[in-house]
Amino acid sequence: MGVPERDRALGDAADQHTPRLTIGEVLAVLRDDFPDVTISKIRYLESEDLVHPQRTPSGYRKFSRADVSRLRYVLTAQRDHYLPLRVIKDHLDALDRGEPLPGTSAAAPPPPASTGEGEEAPLTPEQFARAAGLEPGQLADCVQFGLLSTDADGRHPAGDLPIARAAAGLARHGIEPRHLRVYRSAVEREAGLVEQLVAPVLRARSEEARTRATEKLTELAALSAQLHTALLETRLRDLLRP
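This one's a predicted model, so the numbers in the text were calculated from it and none came from an experiment. Within any chain, residue numbers begin from 1 and follow the written order of that chain's sequence. Given that this is a predicted model, residues contribute local features only at a pLDDT of at least 70 and side-chain atom pairs are listed and counted only at 80 or more, while totals for whole chains, interfaces and linings are drawn from all residues. Hydrogens and water molecules were not included; the side-chain quantities draw on all heavy atoms of the structure.

Chemist: Help me understand the layout of surface pockets, please; the structure alone is not making it clear to me.
Modeler: The probe, sized like a water molecule, is rolled over the atoms to show the empty space still left. Lining residues are those with an atom within 4 Å of a point, where the points come from a 1 Å grid over the protein atoms alone and group into cavities, where a 1.4 Å probe fits but cannot get out, or pockets, open sets with protein on both sides within 12 Å along at least five of seven lines. Grid points are joined across faces, edges and corners, and a volume is the space filled by probe spheres set on the points. Roughly 1800 Å³ of internal volume is contained in the largest pocket. Forming the walls of the largest pocket are 36 residues, and the residues nearest its centre are Ile163, Val187, Glu190, Ala221 and Ala225. Three classes are used, and their members are as follows: Ala, Val, Leu, Ile, Met, Phe, Trp, Tyr, Cys and Pro are nonpolar, Asp, Glu, Lys and Arg are charged, and the others, Gly among them, are polar. Looking at the lining of the largest pocket residue by residue, the class counts come to 22 nonpolar, 8 polar and 6 charged. Those domain boundaries reflect an automatic or database domain assignment. Three or more residues apiece are contributed to the lining of the largest pocket by two domains, here domain 1 (13-97) and domain 2 (125-240).

Chemist: It is not clear to me how unusual backbone geometry should be interpreted in this structure. Could you clarify?
Modeler: What is expected of a backbone is that most residues other than glycine have negative phi and most peptide bonds are trans. The phi torsion at Asp49 lies on the positive side, around 70°, for a residue other than glycine. Working definition: helices are DSSP H or I runs of at least four residues, strands are E runs of at least two. Numbering for both runs from the N terminus. Within the element layout of this structure, Asp49 appears in the loop between helix H3 (39-47) and strand E1 (54-55). A 1.4 Å probe rolled over the protein chains alone gives each residue an accessible area, and that area as a share of the maximum for its type sets the label: buried under 20%, exposed over 50%, partly exposed in between. With relative accessibility at 37%, the residue Asp49 sits in the partly exposed group. One non-glycine residue with positive phi stands out, namely Tyr82, at about 55°. Within the secondary structure layout, Tyr82 lies in the loop between helix H4 (65-81) and helix H5 (85-96).

Chemist: Before we go on, may I ask you to explain a nonpolar patch on the surface in this structure?
Modeler: Patch building starts from residues that exceed 30% relative accessible area and form no salt bridge, then joins like charges within 9 Å and nonpolar side chains (Val, Leu, Ile, Met, Phe, Trp, Tyr) within 5 Å. Note on areas: Shrake-Rupley with a 1.4 Å probe; residue coverage comes only from the protein chains shown. Here, a salt bridge means any Lys or Arg side-chain nitrogen found within 4 Å of an Asp or Glu carboxyl oxygen. Among the surface-exposed residues, Leu232, Leu236, Leu239 and Leu240 lie close enough to one another that they form a single nonpolar patch of about 420 Å² accessible area. With respect to the helices and strands, Leu239 occurs in helix H10 (residues 207-240). Leu239 sits in the exposed class, given a relative accessible area of 56%.

Chemist: What am I meant to see in the confidence of the model for the protein chain here?
Modeler: Close reading of the predicted structure is inappropriate where its pLDDT is low. pLDDT measures the predictor's confidence residue by residue and takes values from 0 up to 100. In the predicted model, the protein chain carries a mean pLDDT of 82, and the fraction of residues at 70 or more is 85%. Between the elements of the protein chain, mean pLDDT differs from a low of 47, seen in helix H1 (residues 3-16), to a high of 94, seen in helix H7 (residues 136-144). Should any heavy atoms of two residues lie within 4.5 Å, those residues are counted as being in contact. This stretch, residues 1-14, has a pLDDT under 50; its non-local contacts, to residues over four places away or in other chains, come to 2 contacts.

Chemist: For this particular structure, what's the right way to read helix H8 (residues 161-171)?
Modeler: For an α-helix, 3.6 residues make a turn, and residues three or four places apart therefore share a direction. Three or more residues of H8 are buried, namely Leu161, Ala164, Ala167, Ala168 and Gly169. The elements touched by buried residues of H8 are helix H6 (125-132) and H7.

Chemist: Honestly, the nonpolar core in this entry has me stumped. Any pointers?
Modeler: A general feature of soluble globular proteins is that nonpolar side chains tend to end up buried together. Joining through side-chain atoms within 4.5 Å is the link that ties buried Ala, Val, Leu, Ile, Met, Phe, Trp, Tyr and Cys residues into a set, and such a set is a nonpolar core. In this structure, Val26, Leu30, Ile42, Phe63, Leu71 and Ile88 are the most contacted members of the largest nonpolar core, which totals 24 residues. Counting only elements with at least two residues in this core, the list comes to helix H2 (23-31), H3, H4 and H5. Considering each element in turn, this core owes the most residues, 6 residues, to H4. Core analysis: the next-biggest nonpolar cluster, separate from the first, contains 14 residues, Ala129, Leu161, Ala167 and Leu180 among them.

Chemist: Sorry, what's going on with the packing of H6 against H8 here?
Modeler: Between two packed helices, the angle of one axis relative to the other and the distance separating the axes together describe the packing. With their axes 8 Å apart at the nearest point, H6 and H8 run at an angle of 60° to one another. Of the possible angle classes, the one that applies to H6 and H8 is oblique. The crossing of H6 and H8 is right-handed. Contact residues: Phe128, Ala131 and Ala132 in H6; Leu161, Ala164, Arg165 and Ala168 in H8. When the residues that make up the contact of H6 with H8 are grouped by side-chain class, the tally is 6 nonpolar, no polar and 1 charged. Comment: axis = line fitted to C-alpha atoms, over the contacting stretch for helices; angle = value between 0 and 180 degrees taken between N-to-C directions. Any angle between 65 and 115 degrees counts as roughly perpendicular, while under 35 counts as roughly parallel, over 145 as roughly antiparallel, and the rest as oblique. The hand of a helix crossing depends on one turn: near helix anticlockwise from the far one by less than a right angle means left-handed, and clockwise means right-handed.

Okay, structure coming up:
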């Protein structure tokens, strides 16, 4: 490896451990794969010494890409392999020391891998439709009616897969993408309301203000989803009453 390549490799390795992400941004990165994860859960895993974010002078947590990889490892081990936190911590400690995992490795997930701050490469329409369970025509309709977007090359961001999978599930019940415009319109109105609440914080243009705004946005999004679900369930219960 030449000097420039070696320097780039060292820079990439160092970048993995550079604390950049707020706890709200980490939650947003993880939530697609782990819908039940919460800020409280991340804080709890920190209290159990499984992840070690740095703190700003004002006490805000800052997570690195390596921290996000550790959290993915922990959450995967819990969800897919039912490992207790004590065992997961032993695995992480062994990996930190460069040692093989203690005991059998058959029940353990792969070691934490580096991530590009949670960003995945965009997918071609064929790849995206297959991953979402959509027919090509249904995917085209989702784009046409504003549920999904593409980049300049016609590719889809992987982060849009939860939207596409929900649309695919509704399509199986006869609800076509053209019927889902009402959801998009409602979301736009909700986002406008949330933006009004957070805008004053963002005007400060400081990193602390951005951290507060991110955490507030995450909380407001969760509360909005909770309210929407509760209202819908109440209305559907009314339909079932004699």
